[in-house]
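Fold and geometry: a report
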Amino acid sequence: MNFTDSFLKRITNAEKIVVFTGAGISAESGIPTFRGKDGIWNKLKPEELASFNAFLKNPDMVWEWYQHRRSIIHEKSPNAAHYSITEMEKYFDKVSVVTQNVDNLHRRAGNNNVYELHGNIERNYCIECKRPYNDSGLELENKQVPKCDYCGGLIRPDVVWFGEVLPQDVFAESERLAAESDICFVIGTSAVVYPAAYIPLGAKQAGSCLVEINIEETELSQIADYSYFGAAGKIMPKILDEIKKLKTSI
Ligand code: APR
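Residues numbered from 1 in each chain as written. Predicted model: local features only at pLDDT ≥ 70, side-chain atom pairs only at ≥ 80, totals over all residues. Heavy atoms only, no water.

With that out of the way, let us pick up the environment of Leu44. Tracing the sequence through the fold places Leu44 in the loop between helix 2 (40–43) and helix 3 (46–49). Residue Leu44 is classed as partly exposed on the basis of its relative accessible area, which comes to 32%. Along the primary structure Leu44 and Phe34 are separated by 10 residues, whereas in three dimensions their C-alpha atoms are 9.6 Å apart. For Leu44, the residues in contact, after removing those within four places along its chain, are Leu49 and Trp65. (Helix = DSSP H or I, 4+ residues; strand = E, 2+ residues; numbered from the N terminus. Buried < 20%, exposed > 50% of the residue type's maximum accessible area, 1.4 Å probe, protein only. Contact = heavy atoms within 4.5 Å.)

In structure tokens, the structure reads:
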């Protein structure tokens, strides 16, 4: 893969990095994406599984689906793309990961600054008193939705469902980091879900260099400064190699 001199110059001069990720970065870990040919939403209806109304209508079914997703994720591991981003932390003043993913793989890969716009499937809380639910007691084979130990309320996954508000503090901090970034990598996202997709747009509008890594063109390809088409697990290690060469030769 050849990187242009202008891209390499941007890497050399960059100090603050934002990495905006979607389900595609976890595809090579064996975790299905949502759209595209094998996407989850091709087989299941999001309004029946990933909304608060769906949960109230059939809490056991929604809970079971998240238990199923957790059991898949627990068998998988971060891939070379996740680990490349973690290693990038050594070569820049700050690397911030702003992710739409709830699979916890960036944290498992050791990234220190992770902003989870859509929550984290490993966390749960009570819909009534909002207390976190003790995940250690969470047997994955539990198909029935658990009840809160304090108030008896239903326990739900700490993920943002369709129609719900993103965690405002996380979103605001992500917007600020994107606007201040020198480079905003956009990896494995169709960039069609808002407000999350505003993050790379905000970075671009503030003058950040937008670098897209995807297996195909997306909504962002028209405005990206650089697009590298291929699997993130193959491309990110190559970008890391260039960073190491450039940042250690200074
Ligand atoms: N490497 C890089 N990109 C990949 C790879 C790969 N190995 N495999 C797939 N992709 C790309 C696809 O081309 C697509 O552009 O990843 C993207 C996945 O898009 P989506 O499935 O739409 O996932 P995402 O963009 O994360 O969805 C955003 O939608 O359903 C909601 O809350 C959910 O966070 C999710 C949000």
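There's more to say after this.
Counting 31 residues, the largest nonpolar core has Phe7, Met88, Phe185 and Ile213 as its most contacted members. Elements supplying a minimum of two residues to this core: helix 1 (5–13), strand 1 (16–21), helix 6 (80–88), strand 2 (94–99), strand 6 (183–187), strand 7 (209–214), strand 8 (226–229) and helix 10 (232–248). With 7 residues, helix 10 is the largest single contributor of residues to this core. Ignoring sequence-local partners within four residues, the contact set of Ile213 consists of Phe185, Val186, Ile187, Gly188, Tyr228, Gly230, Ala232, Ile235, Met236 and Ile239. Residues Ile40, Phe55, Val62 and Val145 belong to the second largest nonpolar core, which totals 24 residues. (Core = buried A, V, L, I, M, F, W, Y, C linked by side-chain atoms within 4.5 Å.)

Below, the discussion takes up the site of the ligand. Taken together, 22 residues form the shell around the ligand, and within it Phe34, Arg35, Thr189, Ser190 and Asn214 come nearest. Here an oxygen atom of the ligand and a backbone polar atom of Gln100 are 3.1 Å apart. Interatomic distance of 3.3 Å between a backbone N/O atom of Gly188 and an oxygen atom of the ligand. Mapped onto the domain boundaries, the shell around the ligand takes at least three residues apiece from domain 1 (1–31 + 78–118 + 166–250) and domain 2 (32–75 + 123–159). (Near = heavy atom within 4 Å. Polar contact = N/O pair within 3.5 Å; in protein donor to acceptor, adjacent residues only side chain to side chain. Domains from an automatic or database assignment.)

So, on to the pattern of salt bridges. Any two side chains of opposite charge can pair if their charged atoms end up close together. Following the criterion strictly, the structure yields 14 salt bridges and no others. In this structure, Glu87 engages Lys90 in a salt bridge whose closest nitrogen and oxygen atoms are separated by 3.7 Å. What makes Glu87 partly exposed here is its relative accessible area of 24%. When the shortest N-O distance is used, the salt bridge between Arg107 and Glu116 registers 2.9 Å. With relative accessibility at 39%, the residue Arg107 sits in the partly exposed group. Using a relative accessible area of 8% as the deciding quantity, one classes Glu116 as buried. Through salt bridges with shared partners, one network takes in Lys16, Glu173, Arg176 and Glu180. (Salt bridge = Lys/Arg side-chain N within 4 Å of Asp/Glu carboxyl O.)

Here the focus is the sheet that holds strand 6. Read across the open sheet, the 6 strands follow the order 3-2-1-6-7-8; overall the sheet is parallel. Strand pairing shows two members of the sheet lacking a second neighbour, strand 3 (114–116) and strand 8, which therefore form its edges. Ignoring which end each strand starts from, the neighbouring axes of this sheet average 15° apart. Packing of helix 8 (residues 168–180) onto the sheet brings it into contact with strand 1, strand 2 and strand 3, and relative to strand 3 it is tilted by some 130°. (Pairing = 2+ DSSP bridges. Axes fitted to C-alpha atoms, helices over the stretch in contact; angles between N-to-C directions.)

Before going further, it helps to spend a moment on the state of the cysteines. Each disulfide consists of one covalent bond between the sulfur atoms belonging to two cysteines. Per the stated rule, a full pass over the model turns up 0 disulfides. Not part of a disulfide, Cys148 finds its nearest cysteine sulfur in Cys129, a span of 3.6 Å. Looking at Cys148, the relative accessible area reads 8%, which means it is buried. With no disulfide of its own, Cys151 lies closest to Cys126 among cysteine sulfurs, the gap being 3.4 Å. For Cys151, a relative accessible area of 40% translates into the label partly exposed. (Disulfide = S-S within 2.5 Å.)

Moving on to the domain arrangement of the protein. According to the domain assignment, the protein consists of domain 1 (1–31 + 78–118 + 166–250) and domain 2 (32–75 + 123–159). Taking the mean C-alpha position of each, domain 1 and domain 2 sit 28 Å from one another. Counting from both sides, the interface comprises 13 residues of domain 1 and, opposite them, 10 residues of domain 2. Carbon and sulfur atoms make up 62% of the area that domain 1 and domain 2 hide from each other, which totals about 890 Å². The partner of Glu116 in a salt bridge is Arg123, and the shortest N-O contact between them spans 3.1 Å. Taken together, the links from domain 1 to domain 2 amount to 2 residue pairs in polar contact (both at pLDDT 80 or more). For the side of domain 1 that touches domain 2, the residue count by class is 6 nonpolar, 4 polar and 3 charged. (Buried area = accessible area lost by both parts, 1.4 Å probe. Nonpolar A, V, L, I, M, F, W, Y, C, P; charged D, E, K, R; others polar.)

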